[in-house]
Amino acid sequence: MDFNMKKLASDAGVFFSRAMQFTEEKLGQAEKTELDAHFENLLARADSTKNWTEKILRQTEVLLQPNPSARVEEFLYEKLDRKVPSRVTNGELLAQYMTEAANDFGPGTPYGKTLIKVGETQRRLGAAEREFIHSASINFLTPLRNFLEGDWRTISKERRILQNRRLDLDACKARLKKAKAAEAKAALWSDEVEKAEHELRLTQTEFDRQAEVTRLLLEGISSTHVNHLRCLHEFVESQTNYYAQCYQYMLDLQKQLGSSKGEIFSGTFIGSPDSTASPAAATSPPAVSAATVPTVPTIPVVPTVVGVPNTLAEGVLNPNEVKPPASGTRKARVLYDYEAADSTELALLADEMITVYSLPGMDPDWLIGERGNQKGKVPVTYLELLS
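Residues numbered from 1 in each chain as written. Predicted model: local features only at pLDDT ≥ 70, side-chain atom pairs only at ≥ 80, totals over all residues. Heavy atoms only, no water.

Honestly, the overall build of the protein chain in this entry has me stumped. Any pointers?
Secondary structure summary: the protein chain contains 8 helices and 5 strands in total. Secondary structure of the protein chain in N-to-C order comes out as α-α-α-α-α-α-α-α-β-β-β-β-β. For the protein chain, buried positions account for 32% of its 387 residues. Of the roughly 24400 Å² that the protein chain leaves accessible, carbon and sulfur atoms contribute 57%. (Helix = DSSP H or I, 4+ residues; strand = E, 2+ residues; numbered from the N terminus. Buried < 20%, exposed > 50% of the residue type's maximum accessible area, 1.4 Å probe, protein only. Areas by Shrake-Rupley, 256 points an atom, 1.4 Å probe, with all protein chains shown as cover.)

Here it is, written out as structure tokens:
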């Protein structure tokens with residue numbers, strides 16, 4: 001009991017001494033031991049790393065899960081060390097609604113068929129999103145959290161200890177200074193000076209030891225940057241794969257819808273018995289919105305000349321009848337593999353070089369491509385036009 005009381009009294013005395021020293025430093029009434037410039041730079045770098053890591057972590061969480069309520073729920077599950085329940089993505093939910101609507105309207109109707117195709121693509125997009133979120137959480141968010149909740153807490157703890165050691169050291173320096181001043185007036189204070197010098201040596205040793213421990217931890221921030229750099233590369237790779245998957249899924253869907261456009265619009269819609277599509281509309285190739293792909297340089301369209309047959313306007317392209325214009329041809333590099341839908345199109349292989357040009361009346365999203373003796377229509381979005 002007496003030992004505990006003495007310990008509490010000692011702790012209270014130390015706390016009071018540190019508080020007094022800190023207050024006097026703030027008021028400019030006491031000297032403060034300054035750390036060297038390198039140490040101060042390490043402290044500033046560590047604080048900057050912690051602050052930016054927190055911001056990047058929080059914003060990445062918002063990117064992966066925009067719903068704040070869902071983020072709070074995931075946070076609570078994580079703190080309770082429980083598995084987060086599987087959540088349906090927006091794409092998967094849209095796919096479910098489209099499929100149910102198709103079954104209600106009739107899966108054999110044009111609208112029903114299209115709903116099923118689009119719904120299946122939305123399901124694939126939702127699955128890709130789920131995979132991306134999972135990969136980003138493991139390879140990027142988890143390492144950032146581990147730093148903030150592990151390494152940074154250790155650094156903060158050791159910095160607090162170092163601060164206390166410095167306050168103790170400066171308090172001992174102040175006591176020694178007072179003892180020496182009193183010694184000059186009376187020889188009775190010589191014992192106080194010796195005691196103060198002994199305490200100063202001890203606190204200086206403790207301060208130096210703690211400063212070295214803290215310095216090593218702060219220098220470890222460089223290793224943290226290297227680790228976060230590797231995680232950042234993994235995050236970019238998973239995000240790139242995700243967007244590439246989405247782009248490919250949408251191209252596939254667009255090709256499906258384009259090939260069935262003639263079938264849909266050549267028939268009679270329910271409720272519009274007299275509405276039919278023109279032959280040109282039935283055979284027109286699928287159009288790709290320019291907003292969904294990178295800007296592609298355009299090829300000058302050859303003006304229509306009276307007396308020249310417009311084979312594309314007639315809906316049929318005979319490669320043997322197509323003649324390249326005298327000017328306006330360009331070279332193009334193929335960006336992606338493309339499978340020809342029919343004999344009027346030219347199949348493409350990624351990275352190959354072909355010659356392309358436009359003909360009067362052509363859909364602006366398509367060009368005529370030539371590879372040796374082979375000719376056919378090619379989609380502009382699959383090409384990088386070269387100057």
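Just to check I follow, could you spell out helix α4 (residues 90-105) for this structure?
Helical geometry note: an α-helix holds 3.6 residues per turn, so side chains three or four residues apart project in the same direction. With 16 residues, α4 ought to run about 22 Å at 1.5 Å a step, and its terminal C-alpha atoms sit 22 Å apart, in line with that. When we look at burial in α4, the residues that qualify are Gly-91, Glu-92, Ala-95, Met-98 and Ala-102. Axial view of α4: buried residues confined to an arc of 120°, hence all on one face. Exposed and facing more than 90 degrees away from the buried side of α4 are Asn-90 and Asp-104. Directly beyond the C-terminal end of α4, a positive phi value near 115° is found at Gly-106. (Expected span 1.5 Å × (residues − 1). Arc of directions from axis to C-beta.)

Looking at this structure, how should I read the pairing of strand β4 (residues 374-379)?
In this structure, strand β3 (residues 366-371) lies alongside β4, joined through 6 bridges in antiparallel fashion. Of the residues in β4, the one forming a bridge with Ile-368 is Lys-377. Following β3, the chain reverses through 2 residues before pairing antiparallel with β4; Gly-372 in that reversal takes a positive phi of roughly 65°. (Pairing = 2+ DSSP bridges.)

What is the right way to read the confidence of the model for the protein chain from this model?
Caution applies to low-pLDDT regions: their predicted coordinates should not be interpreted in detail. Per-residue confidence for the protein chain averages 80 on the pLDDT scale, and 75% of its residues sit at or above 70. Taken element by element, the predicted model of the protein chain shows its lowest mean pLDDT in helix α8 (residues 279-283) (38) and its highest in helix α2 (residues 37-64) (95). Contacts for the low-pLDDT stretch residues 265-315, under 50 throughout, to residues beyond four places or in other chains number 62 contacts. (pLDDT = per-residue confidence, 0-100. Contact = heavy atoms within 4.5 Å.)

Quick question: what am I supposed to make of the pattern of salt bridges here?
Where charged atoms from two side chains of opposite charge approach closely, those side chains can pair. Taken as a whole and judged by the stated rule, the model has 16 salt bridges. Here Glu-199 and Arg-175 are joined by a salt bridge, their closest N and O atoms 3.5 Å apart. Of this pair, Glu-199 sits in helix α6 (residues 190-219) while Arg-175 sits in helix α5 (residues 110-183); the two residues are 24 residues apart in sequence, bridging distant segments of the chain. The exposure class assigned to Glu-199 is partly exposed, which follows from its relative accessible area of 26%. On the accessibility criterion, Arg-175 (37% relative accessible area) is partly exposed. (Salt bridge = Lys/Arg side-chain N within 4 Å of Asp/Glu carboxyl O.)

I tried to follow the environment of Leu-217 on my own but got confused; where do I start?
Relative to the elements of secondary structure, Leu-217 occurs in helix α6. Take Leu-217: its relative accessible area is 29%, and that puts it in the partly exposed class. Between the alpha carbons of Leu-217 and Ser-156 there is a distance of 9.9 Å; along the sequence they are 61 residues apart. Those residues in contact with Leu-217, other than ones at most four positions away along the chain, are Thr-154, Ile-155 and Glu-158.

Quick question: what am I supposed to make of α2 here?
In this model, α2 (28 residues) spans 40 Å end to end at C-alpha, consistent with the 40 Å of a helix rising 1.5 Å per residue. Restricting attention to buried positions, one finds in α2 the residues Phe-39, Leu-42, Leu-43, Ala-46, Thr-49, Thr-53, Leu-57, Thr-60, Glu-61 and Leu-64. Structurally, the start of α2 carries an N-cap: the backbone nitrogen of His-38 is 3.1 Å from a side-chain oxygen of Asp-36. (Polar contact = N/O pair within 3.5 Å; in protein donor to acceptor, adjacent residues only side chain to side chain.)

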